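Read off the chains here:
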Amino acid sequence: MALSGAPGCRAGERGPRWRRPWKLLALGLLSASSVLAAAPGAGAMSREEKRRLGNQVLEMFDHAYSNYMEHAYPADELMPLTCRGRVRGQEPSRGDVDDALGKFSLTLIDTLDTLVVLNKTKEFEEAVKKVIKDVNLDNDIVVSVFETNIRVLGGLLGGHSVAIMLKEKGEYMQWYNGELLHMAKELGYKLLPAFNTTSGLPYPRVNLKFGVRHPEARTGTETDTCTACAGTLILEFAALSRFTGTSIFEEYARKALDFIWEKRQRSSNLVGVTINIHTGDWVRKDSGVGAGIDSYYEYLLKAYVLLGDDSFLERFNTHYDAIMRYISQPPLLLDVHIHKPMLNARTWMDSLLAFFPGLQVLKGDIRPAIETHEMLYQVIKKHNFLPEAFTTDFRVHWAQHPLRPEFAESTYFLYKATGDPYYLEVGKTLIENLNKYARVPCGFAAMKDVRTGSHEDRMDSFFLAEMFKYLYLLFADKEDMIFDIEDYIFTTEAHLLPLWLSTTNQTISKKNTSTEYTELDDSNFDWTCPNTQILFPNDPMFAQSIREPLKNVVDKSCPRGISRAEESLGSGPKPPLRARDFMASNPEHLEILKKMGVSLIHLKDGRVQLVQHAVQAASSLDAEDGLRFMQEMIELSSQQQKEQQLPPRAVQIVSHPFFGRVVLTAGPAQFGMDLSKHKAGTRGFVATIKPYNGCSEITNPEAVKEKIALMQRGQCMFAEKARNIQKAGAIGGIVIDDNEGSSSDTAPLFQMAGDGKNTDDITIPMLFLFNKEGNIILDAIREYEAVEVLLSDKAKDRDLEMENMDQKSSENDSHKPNSEEAPSESQDAGAVNEEPNGGGESSAVGDPDPLSPASADSASVSRADEDPHTPGPAEASAPEPACTPEDSQPQEQNTQTESNSKAHWDSKVQPMESILADWNEDIEAFEMMEKDEL
């Protein structure tokens, strides 16, 4: 968000109430140059370096935008691996994530105001003409109200905002007559039927042509929506009302916000993730600042700034106090339960919370913003990107990364607030990682797995709308801009809305006098401009002193801080036993279990069963601790089992013109070379074998020798294919699925099983590619003939030397390699076996569990007439203690080990090594966590 300094506003001065929208934030009030001058130890970046990086951002944007326009437009999004547009209904469904696509050229609309921020005014003018001429908003298609609002309505309004600005300057857009605003108003009316509920909360989806409850609408039966989905409308809807003078849009958005506020949990002042749109009951009772809630908080603060309504600031302050009291556990931000906010609801964090440090900057609360941002940066340095979710001890929970911009957003705001050149170096790292790991010939590809570096055929519109905007602004000086960015506020999609809307067409009563607000400490929520002496108390190394203790928080175990429970107890009773701390040989721990009503039962087969009976606990508090302990044990066991499964492998195309930029997600084999133990991998040119199924002696061994063989799945066992190509002299093999259209984007990966016999004779690596990924290699062969790939456990750095040689030898080719509510799932491997059966495959593949990325992580797909001989999961042992407490919702449990290996209690001081499955009662909160979708 950008905001200009208010005339006459001085730090520490209590100004008139009408000036409050201009006074809360630090951006326009902190001179980056003055703070920078006060921090000589930070190592200032030269103007030349900043300009070089800014130009690099422009080149990267051109590469992404030009490829979208060339290969995808008028489709909604670009598929950068296959160099074509993503058209809904023509590609395999990705579930809710496809609800953002409405056949309305989403990426172009989402990118409009980015073009102006990047000084591409001619391209902007051409793009506006295309939108006016080509885009149809009357499609018979069901879309997400939330995504359509922030991306399309916001994109049209942002485009209109900068269009009228350019027109006023007199050089560009002189022909413009509000066409984008007319389209925005048309779209606004198409979204209004979603608000036809008794609560005023909108349905999550709407049909652009038929509305919600029309017989042909194919929607309107939903009962739940996320808090952010209903609470992230006020900026766009109010701006539409202020621009057009039609108040109904702002009225509907305000009513939805009012309802959420009234339904907050009154004792904690927190809101849940999911709410029933008819009754107002909380369906998901966990609360955080990440997925499902994030932009609700953001829009309360920004609505105050844009609209000047004190009630929005009062609500934000009330929520913020609760967030800092319960959710903030510096540097972590952990979800809690709204009714029991001292209990954590998760032991992991999602990547969407990366926006929160930026919001804290706007709030003026710098210290926790620096702490959380630094923790996130350390995670990025470990994995190159921020995983969609990671645990409190910084291991990958969901491995994908769809090129989200939230961390870049917070980096920009922290630099604006502190002027610390450290954040310029952070931005430089983001640029380098994008070019090194995500850039492909046709754009930038999302990361399928940050551990392997494999790609997903996806480039979301928000990448162009937000990422390049924030990165360019990070390195741009004021003279680099053709307008003053401080005159605008950023929406959650980084679209620009002018601040002068606050005094235009005010038809809504500002103050909600019927609403009660919690009395808060005024010193925490001043109505005045932030004072730089308070933010940086005479210490030029202020930000660095906050960051320094967090430098090794990811790679080294950090000292365990005092938990909130311990802090509140002081020198009183000891805190409850945590599952991660439990030692089987510790008599004190066994006594605590007994006190919590937990019984130990040693079974005849060597397994151990834990049973918790609340009525046998010493007190109701002990019973609650026992229930929480049981749930923690289950989550720790589940987490460890997922980590023990083989991760996906990578097939990286390293020859011209790819040079390692294209990385395909591959499934491993249970036989042959273990690529995880051979870090260099196997590199070679690919060759198609004859016969293509590889089920008999290879008839073209001269073409296969010393190469990586390509073959089709089916008609015989995987191990038989491997033996045949190894005999022909191949150095590796890639099996391509024969199921047309199959893709790792939509199906869980699996590992290829052996044939039930000894497979030690197979020494070459074997990997499995789904049909879509396999066709990328086959298409490359048809176009370039000689295609070289690297089979590895993780993608390696691209071949810069070869790329530079190629660029020098072929100037024409040099540009080619350089030229919102569930993410796609991170999959691990189950076992797959093939057997001959009349020339066909033996049995159908079991459907993967579609519940969530978390459940898909551990999904196993099995296939064979006879059971493939695959080992069961290893015994689950509790992971290393994290740096912060991990609490979760207590529920009654009866759990038992299911591992093939027998569990036992270690006679030495060791944590419990085998725990539990089969419980008697469902655990509501635990299931909700497992089903959580970003």
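Throughout what follows, the structure given in this document is the object of discussion. (Residues numbered from 1 in each chain as written. Predicted model: local features only at pLDDT ≥ 70, side-chain atom pairs only at ≥ 80, totals over all residues. Heavy atoms only, no water.)

### Overview of the pairing of strand E30 (residues 788–792)
The buried fraction of E30 amounts to 5 of the 5 residues, a majority that puts the element mostly inside the structure. Judged by which residues are buried, E30 turns out to be covered on both faces: Glu788, Leu790 and Ser792 on one side and Val789 and Leu791 on the other are all buried. Sheet topology note: the strand E23 (residues 649–653)/E30 ladder contains 4 bridges and is antiparallel. Its bridge partner lying in E30, Val651 is registered against Leu791. (Buried < 20%, exposed > 50% of the residue type's maximum accessible area, 1.4 Å probe, protein only. Helix = DSSP H or I, 4+ residues; strand = E, 2+ residues; numbered from the N terminus. Pairing = 2+ DSSP bridges.)

### Observations concerning the state of the cysteines
Counted under the stated rule, the structure contains 3 disulfides. Between the sulfur atoms of Cys83 and its disulfide partner Cys442 the distance amounts to 1.9 Å. In this structure the cystine formed by Cys83 and Cys442 twists about its S-S bond by roughly 95 degrees; its chirality is therefore right-handed. Here the residue Cys83 occupies a position in the loop between strand E1 (77–79) and strand E2 (84–86), and Cys442 occupies one in the loop between strand E15 (439–440) and strand E16 (443–444), the gap between them amounting to 359 residues. (Disulfide = S-S within 2.5 Å.)

### Let's talk about helix H3 (residues 106–117)
Taking burial as the measure, the 12 residues of H3 include 12 buried ones, the bulk of the element. Along H3, the residues classified as buried are Leu106, Thr107, Leu108, Ile109, Asp110, Thr111, Leu112, Asp113, Thr114, Leu115, Val116 and Val117. Just downstream of H3, Asn119 is the residue with a positive phi angle, here 65 degrees.

### Quick notes on the sheet that holds strand E5 (residues 224–226)
In space, the 3 strands of this open sheet follow the order E5-E6-E7, with antiparallel pairing throughout. The two strands at the open ends of the sheet, each matched to only one other strand, are E5 and strand E7 (282–284). Here the average twist between neighbouring strands, direction ignored, is 35 degrees. In this structure, E5 lies alongside strand E6 (residues 274–276), joined through 3 bridges in antiparallel fashion. Its bridge partner lying in E6, Cys226 is registered against Thr274. (Axes fitted to C-alpha atoms, helices over the stretch in contact; angles between N-to-C directions.)

### A few points about the packing of H3 against helix H16 (residues 461–475)
Viewed as axis vectors pointing N to C, H3 and H16 meet at an angle of 15 degrees, and their least axial separation amounts to 7 Å. For the element pair H3 / H16, the angle class is roughly parallel. As H3 packs across H16, the resulting crossing turns out to be left-handed. When H3 is examined against H16, the residues Leu106, Thr107, Asp110, Thr111, Asp113, Thr114 and Val117 are found in contact with a partner set consisting of Ser461, Phe462, Leu464, Ala465, Lys469, Tyr472 and Leu473. Taken together, the residues of the contact of H3 with H16 break down into 7 nonpolar, 4 polar and 3 charged. (Parallel < 35°, antiparallel > 145°, perpendicular 65-115°, else oblique. Left-handed = near helix turned anticlockwise from the far one by under 90°. Contact = heavy atoms within 4.5 Å. Nonpolar A, V, L, I, M, F, W, Y, C, P; charged D, E, K, R; others polar.)

### Some thoughts on the nonpolar core
Nonpolar side chains in soluble globular proteins tend to be buried together. With 179 residues, the main nonpolar core has Phe124, Leu434, Phe444 and Phe468 as its most contacted residues. If you tally residues by element for this core, the top one is helix H5 (residues 145–169), at 11 residues. Listed in part, the 25 residues of the second largest apolar core include Leu675, Ile708, Ile776 and Val789. (Core = buried A, V, L, I, M, F, W, Y, C linked by side-chain atoms within 4.5 Å.)

### Structural notes on the pattern of salt bridges
Counted by the stated rule, this structure contains 46 salt bridges. The partner of Arg205 in a salt bridge is Asp99, with the nearest N and O atoms 2.7 Å apart. Here Asp99 lies in the loop between E2 and H3 and Arg205 lies in strand E4 (residues 205–207), a separation of 106 residues in the sequence. For Asp99, a relative accessible area of 8% corresponds to the buried category. A salt bridge links Arg346 to Asp335, with the shortest nitrogen-to-oxygen separation between them at 3.3 Å. Linking Arg346 in the loop between strand E11 (336–337) and strand E12 (348–350) with Asp335 in the loop between strand E10 (332–333) and E11, this pair joins segments that are 11 residues apart in sequence. (Salt bridge = Lys/Arg side-chain N within 4 Å of Asp/Glu carboxyl O.)

### As for the pairing of strand E17 (residues 446–449)
As defined by bridge partners, E17 adjoins strand E18 (residues 454–456) across 3 bridges and the pair is classed as antiparallel. Residue pairing across strands places Ala446 opposite Glu456, the latter belonging to E18. Taken together, E17 and the strand that follows it, E18, pair antiparallel across an intervening segment of 4 residues, in which Gly453 is found at a positive phi of about 80 degrees.

### A word on unusual backbone geometry
Among all residues save glycine, negative phi is the norm, and among peptide bonds the norm is trans. Put simply, Pro330 and Pro331 share a cis peptide bond, and its omega is 0 degrees. With respect to the helices and strands, Pro331 occurs in the loop between strand E9 (328–329) and E10. Even without being a glycine, Lys103 presents a positive backbone phi close to 55 degrees. With respect to the element layout, Lys103 can be found in the loop between E2 and H3. A residue is classified by how much of its surface remains accessible, and Lys103, at 46% relative accessible area, is partly exposed.

### Let's talk about the sheet that holds strand E29 (residues 766–769)
Taken together, 7 strands build an open sheet; the order of strands is E24-E23-E30-E25-E26-E27-E29 and the sheet is mixed. Whereas interior strands pair on both sides, the edge strands pair on one side only; in this sheet they are strand E24 (662–666) and E29. On average, adjacent strands in this sheet sit at an angle of 30 degrees to one another, irrespective of strand direction. As judged from the 5 bridges shared by E23 and E24, these two strands associate in the antiparallel manner. Pairing of Ile653 across the sheet is with Val662, part of E24. Strands in contact with helix H24 (residues 771–784) are E23, E24, strand E25 (682–688), strand E26 (708–712), strand E27 (732–736) and E29; relative to E24, the strand with the most contacts, it is inclined by about 140 degrees.

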